[in-house]
Amino acid sequence: MPSTDAHGAPAGNGGGQQKPKPVTIAFVLYPGFTALDIIGPFQVLAYVPGHEAVFVAAEPGPVTDDTGRCPLTASASLDQLTVPDVVIIGGSLSTKEPDPRLVDWLRRVHPATTWTTSVCTGSIYLAAAGILDGQQATTHWARAGELERHGARYTEQRVVERGKVITAAGVSAGIDMALTLLGKMYGPQLAEGVQLAIEYDPHPPFGTGSPSKAPADIVEFVRAQLNTLAAAEPATTG
């Protein structure tokens, strides 16, 4: 992990000292991933000096999101990236069982990571890998039952920290998770600066951002729509 200067930012290579080892952050892609789950944390973390942000998938190449319209390109395969410092896995509309290749990879790399994190239903992958057994964790509210079926204990919190594992609730909560992670890695000042740089100061126009705040009829309507989209599962490549 990079050292930090007095302001909490990763230190430079002054004084002829050996350049610190980059922090490798694996952004895990798979067909049907939700784009903001990955892009939100990527935007927070990728510009930090000393970070090496890597899109990783079962095979290198383009991987298409759950809309079928937003491919991202994996530069490394799971077999090529075996010792990431940080893992970030996002979620998907899909209600199918997690891809066993990803589950096995998470199980293998987790013991050596500094941080293992998820956004939205990405926590179901962590749970399937045994990383969340008996622990409190969060996920998208509509998939809480699936998370619990894989051994975790669901909580509606937006970000849940348990040791080196951090889980985030649905989609937009990935930005909160990444800022939390940055603060844990380098202290609050750098995280505060990045939050200002991306002007993350949410004031949502409606108070329906969680099921405990939204009217019951909207909750059930959205749940039904998500289930319909999951059943449709647009064709993806990657």
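Our subject is the structure that appears above.
Residues numbered from 1 in each chain as written. Predicted model: local features only at pLDDT ≥ 70, side-chain atom pairs only at ≥ 80, totals over all residues. Heavy atoms only, no water.

Summarising burial for strand 2 (residues 51-57): five of the seven residues are buried, a large majority. Of the pairings in the sheet, the one linking strand 1 (residues 23-28) to strand 2 comprises six bridges and is parallel in character. Within the sheet, the bridge partner assigned to Ala26 lies in strand 2 and is Val54. Judged from the two bridges that link them, strand 2 and strand 5 (residues 76-77) form a sheet pairing that is parallel. Across the sheet, residue Ala57 finds its bridge partner in strand 5, namely Ser77. (Buried < 20%, exposed > 50% of the residue type's maximum accessible area, 1.4 Å probe, protein only. Helix = DSSP H or I, 4+ residues; strand = E, 2+ residues; numbered from the N terminus. Pairing = 2+ DSSP bridges.)

Moving on: the pairing of strand 11 (residues 165-168). The side-chain alternation of strand 11 yields two buried faces, one formed by Val165 and Thr167 and the other by Ile166 and Ala168. Of the pairings in the sheet, the one linking strand 7 (residues 115-119) to strand 11 comprises four bridges and is parallel in character. Note that in strand 11 the partner of Thr117 across the bridge is Ile166.

We now examine the packing of aromatic side chains. The final tally for this structure, using the stated rule, is four aromatic pairs. Seen from their ring centres, Phe27 and Phe42 are 5.5 Å apart, and the 70° between their planes marks the pair as edge-to-face. Remark: Phe42 occurs in helix 1 (residues 35-45) and Phe27 occurs in strand 1; sequence separation between them is 15 residues. Connected via pairs of aromatic rings, a cluster forms that spans Phe27, Phe42 and Phe55. (Phe/Tyr/Trp six-rings, centres within 6.5 Å; stacked < 30°, edge-to-face > 60°.)

So, about the sheet that holds strand 11. One open sheet accounts for seven strands, arranged 5-2-1-6-7-11-10; its pairing is mixed. A single partner strand is all that each edge strand has here, and the edge strands are strand 5 and strand 10 (159-162). In the packing of helix 1 onto the sheet, contacts are made with strand 1, strand 2, strand 6 (86-89) and strand 7, and the angle to strand 1 comes to roughly 165°. Each of strand 1, strand 2 and strand 6 is contacted by helix 2 (residues 100-109), which is oriented at about 155° to strand 6, the strand it contacts most. (Contact = heavy atoms within 4.5 Å. Axes fitted to C-alpha atoms, helices over the stretch in contact; angles between N-to-C directions.)

On to the side chain of Asp37. Mapped onto the secondary structure, Asp37 falls in helix 1. Here Asp37 occupies a buried position and makes no salt bridge, while the nearest side chain of opposite charge, Arg158, is found at 9.9 Å. Among the polar contacts made by the side chain of Asp37, one reaches the main-chain amide nitrogen of Gly91 at a distance of 2.7 Å. For Asp37, the residues in contact, after removing those within four places along its chain, are Gly90, Gly91, Ser92, Val119, Cys120 and Val171. (Lys, Arg positive; Asp, Glu negative; His and termini not counted. Salt bridge = Lys/Arg side-chain N within 4 Å of Asp/Glu carboxyl O. Polar contact = N/O pair within 3.5 Å; in protein donor to acceptor, adjacent residues only side chain to side chain.)

Judged by side-chain polarity, Ile218, Phe221 and Val222 come together as a nonpolar surface patch covering roughly 250 Å² of accessible area. Residue position: Val222 is located in helix 7 (residues 216-232). Looking at Val222, the relative accessible area reads 30%, which means it is partly exposed. (Patch = residues over 30% accessible without salt bridge, like charges linked within 9 Å, V, L, I, M, F, W, Y side chains within 5 Å. Areas by Shrake-Rupley, 256 points an atom, 1.4 Å probe, with all protein chains shown as cover.)

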